[in-house]
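Chain and residue survey
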Amino acid sequence: MRILIACDHGGYVLKQLLMEQLQHHGHEVIDLGTDGPESVDYPDYAHRLCRALLDGMADRGILLCGTGIGVSIAANRHAGIRAALCHDESTARLSRQHNDANVLVMGGRTTGPATAQAMMMVWLATAFEGGRHQRRLELIELK
Ligand code: RB5
């Protein structure tokens, strides 16, 4: 799968770890920064990733900041982006099955590396269930 990934300084360490794991599993990873631990503004990275995803640059995206909250709020401003802030394997799985989440969000300061790695693998492997959930997704988008 082709996957975009981006973060602010609060998610930088976890991003580097997740990128290694993605590459190890044969995914093509496009890293949109940030490129170090220096302080940056998380909305810039969330918007960059969402625009690239909506432009068709990849199949899915992964966003990180300290808590995951800031990048979630920014990402979900984009029509067609369904960014899910997840905290465990169960929420990661459900975000695919029920919400067809196209962006997985995690907090670099709130989620440990082992949990984050497990969540990401479940999220990548889980399909959208469609059916009644498709109708609900259509109701999300404002006319
Ligand atoms: C940055 O200090 C922090 O505010 C950011 O990473 C994120 O947690 C915002 O929601």
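Rules used in this analysis
- Residues numbered from 1 in each chain as written.
- Predicted model: local features only at pLDDT ≥ 70, side-chain atom pairs only at ≥ 80, totals over all residues.
- Heavy atoms only, no water.
- Buried < 20%, exposed > 50% of the residue type's maximum accessible area, 1.4 Å probe, protein only.
- Helix = DSSP H or I, 4+ residues; strand = E, 2+ residues; numbered from the N terminus.
- Pairing = 2+ DSSP bridges.
- Right-handed = clockwise from strand over helix to strand, strands pointing away.
- Near = heavy atom within 4 Å.
- Polar contact = N/O pair within 3.5 Å; in protein donor to acceptor, adjacent residues only side chain to side chain.
- Areas by Shrake-Rupley, 256 points an atom, 1.4 Å probe, with all protein chains shown as cover.
- Nonpolar A, V, L, I, M, F, W, Y, C, P; charged D, E, K, R; others polar.
- Expected span 1.5 Å × (residues − 1).
- Contact = heavy atoms within 4.5 Å.

**Here's the deal with the pairing of strand E5 (residues 103–107)**
Of all the five residues making up E5, five are buried; the element is thus mostly covered by neighbouring parts of the structure. Residue alternation in E5 divides its side chains into two sets, Val-103, Val-105 and Gly-107 and Leu-104 and Met-106, and both sets are buried. Sheet analysis places strand E3 (residues 60–65) next to E5, joined by five bridges and oriented parallel. Along E5, the bridge assignment pairs Leu-63 with Val-105. As paired strands, strand E4 (residues 83–85) and E5 are joined by three bridges and run parallel to one another. Its bridge partner lying in E5, Ala-83 is registered against Val-103. In this fold, E4 hands off to helix H4 (residues 89–97), which returns the chain to E5; that crossover is right-handed.

**Observations regarding the site of the ligand**
In the neighbourhood of the ligand, the contacting residues comprise Asp-8, His-9, Tyr-42, Cys-65, Gly-66, Thr-67, Ile-69, Gly-70 and Arg-109. One of the backbone N or O atoms of Gly-66 is found 2.7 Å from an oxygen atom in the ligand. A distance of 3.4 Å is found between an oxygen atom of the ligand and a side-chain nitrogen or oxygen belonging to Arg-109. Contact with the protein chains covers 71% of the free accessible surface of the ligand, which is 300 Å². In the shell around the ligand, the residues fall into three nonpolar, four polar and two charged.

**Quick word on helix H5 (residues 113–125)**
The first and last C-alpha atoms of H5 sit 19 Å apart over 13 residues, in line with the 18 Å expected at 1.5 Å per residue. What H5 keeps buried is the set Ala-116, Met-119, Met-120, Val-122, Trp-123 and Leu-124. Buried residues along H5 sit against strand E1 (2–7), helix H1 (12–24), E3, H4 and E5.

**Things to note about unusual backbone geometry**
Negative phi characterises most residues that are not glycine, and trans characterises most peptide bonds. Omega for the bond connecting Gly-33 with Thr-34 falls within 30 degrees of zero, at 0°, which places this linkage in the cis form. Along the polypeptide, Thr-34 turns up in the loop between strand E2 (28–31) and helix H2 (42–54). Positive phi is not limited to glycine here, since Asp-100 has a value of about 45°. Tracing the chain through its elements places Asp-100 in the loop between H4 and E5.

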